[in-house]
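What the coordinates show
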Amino acid sequence: MGSLTEKVPFVVLVSFIQLRLTLTGDCPADGRTWVPFQDKCYHFVHGAEDQIKSYTYARAKSLCQGFELLSIQSVQENDFAIKYSPEVWKGTVNVWLGMYFDTDNDTMRWSDDSPVKFTNWEDASSPDIALMDTCGVLHSNTGKWQKVSCLDEVENGVVCEAKQEAEKPKRTPSPVLSILVILSVITVVGVSAGIWFLYQKQNLGSNIFTAFEYHPPFRVLEPDQSCLVDAEEADSVP
């Protein structure tokens, strides 16, 4: 029986494969690498090698090029984000979450204006931040969320997300429709042939049947008849 340390990598691998199982759909084809999971696609911004990543909230949003920053709706999505992070980044990363504080309702909302229902805030008390300046980050090492300043804070992780476009099911042609199409083609061909025949008969009259008239085969003359013909031809020569 293997040791516990031998079993752990296998368990992690199985869990990661299960996370990669997704719904059938399409991710944006904009030249960037998008990872599908459930009904969304995710782009983990790698950044330049061997350089310290430091993004403000505004800069992080601009890197998504029209798509939204990461929003997390379930514990499965939260686990996916932290388990895929080592595939892109080394060490601990604090990922910007696409949320903001809605002063009208005094609640946090996602950047697409949907309410924040699932949360995973860390137990530590939140720093003293003005409500209008409240954003959130995801710690890749713990999976916990932390409230930070949208204006003053800089983080080193950016994940963009987009909705998958579901593939439209291909419709199989109906057998009845196929039969009707074939019968229609046969009918059109038959009518066209009949019209062509009547047209030829009307314009050419009986000449259309000349090719079918009887022509007797060439008859060889008897010897006496051949001599008579030769004599007549000789007399007619001056």
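Residues numbered from 1 in each chain as written. Predicted model: local features only at pLDDT ≥ 70, side-chain atom pairs only at ≥ 80, totals over all residues. Heavy atoms only, no water.

What follows covers the sheet that holds strand β7 (residues 134-139). Pairing within the open sheet is antiparallel, and its 3 strands lie in the order β4-β7-β8. Unpaired on one side and paired on the other, β4 (94-97) and β8 (145-149) mark the two borders of the sheet. Here the average twist between neighbouring strands, direction ignored, is 40 degrees. Here 5 bridges tie β7 to β8, and the two strands are oriented antiparallel to one another. When the sheet's bridge partners are listed, L138 is paired in β8 with W145. (Pairing = 2+ DSSP bridges. Helix = DSSP H or I, 4+ residues; strand = E, 2+ residues; numbered from the N terminus. Axes fitted to C-alpha atoms, helices over the stretch in contact; angles between N-to-C directions.)

What follows covers the sheet that holds strand β9 (residues 159-163). One open sheet holds the 4 strands; their spatial order is β1-β2-β9-β3, and the pairing between them is antiparallel. The open sheet is flanked by β1 (35-37) and β3 (68-69), the only strands paired with a single partner. Direction of pairing for β3 relative to β9: antiparallel, over a ladder of 2 bridges. By the bridge assignment, E68 is partnered in β9 with E161. Relative to the sheet, helix α3 (residues 75-84) contacts β1, β2 (40-44) and β9, its axis offset from that of β2 by approximately 30 degrees. (Contact = heavy atoms within 4.5 Å.)

As a further point, take the confidence of the model for the protein. Looking at the protein, the pLDDT average stands at 78 and 69% of residues meet or exceed 70. The model gives residues 1-24 a pLDDT under 50, and that stretch makes 26 contacts with residues more than four places away or in other chains. (pLDDT = per-residue confidence, 0-100.)

Turning our attention to the pairing of strand β6 (residues 107-110). Bridge count between strand β5 (residues 99-102) and β6: 4 bridges; the pairing is antiparallel. Bridge pairing links Y100 to R109 in β6. Between β5 and β6, which follow one another and run antiparallel, lie 4 residues, and D106 among them has a positive phi close to 55 degrees.

Once that is clear, we can look at the environment of A81. Here A81 is to be found in helix α3. Judged by its relative accessible area of 5%, A81 falls in the buried class. With 37 residues separating them in the primary sequence, A81 and F44 have C-alpha atoms 9.3 Å apart. Each residue touching A81, except ones within four places of it in the same chain, is listed here: F44, L70 and L138. (Buried < 20%, exposed > 50% of the residue type's maximum accessible area, 1.4 Å probe, protein only.)

For the rest of this paragraph, the subject is the nonpolar core. By size, the foremost hydrophobic cluster in this structure holds 23 residues, and its most contacted members are F44, L70, L97, L138 and W145. Sorting the residues of this core by element identifies β1, β2, α3, β4, β5 and β6 as the ones contributing at least two each. In terms of residue count, the dominant contributor to this core is α3 (4 residues). Grouped together as the second largest cluster of nonpolar side chains are 17 residues, C41, Y55, V137 and V148 included. (Core = buried A, V, L, I, M, F, W, Y, C linked by side-chain atoms within 4.5 Å.)

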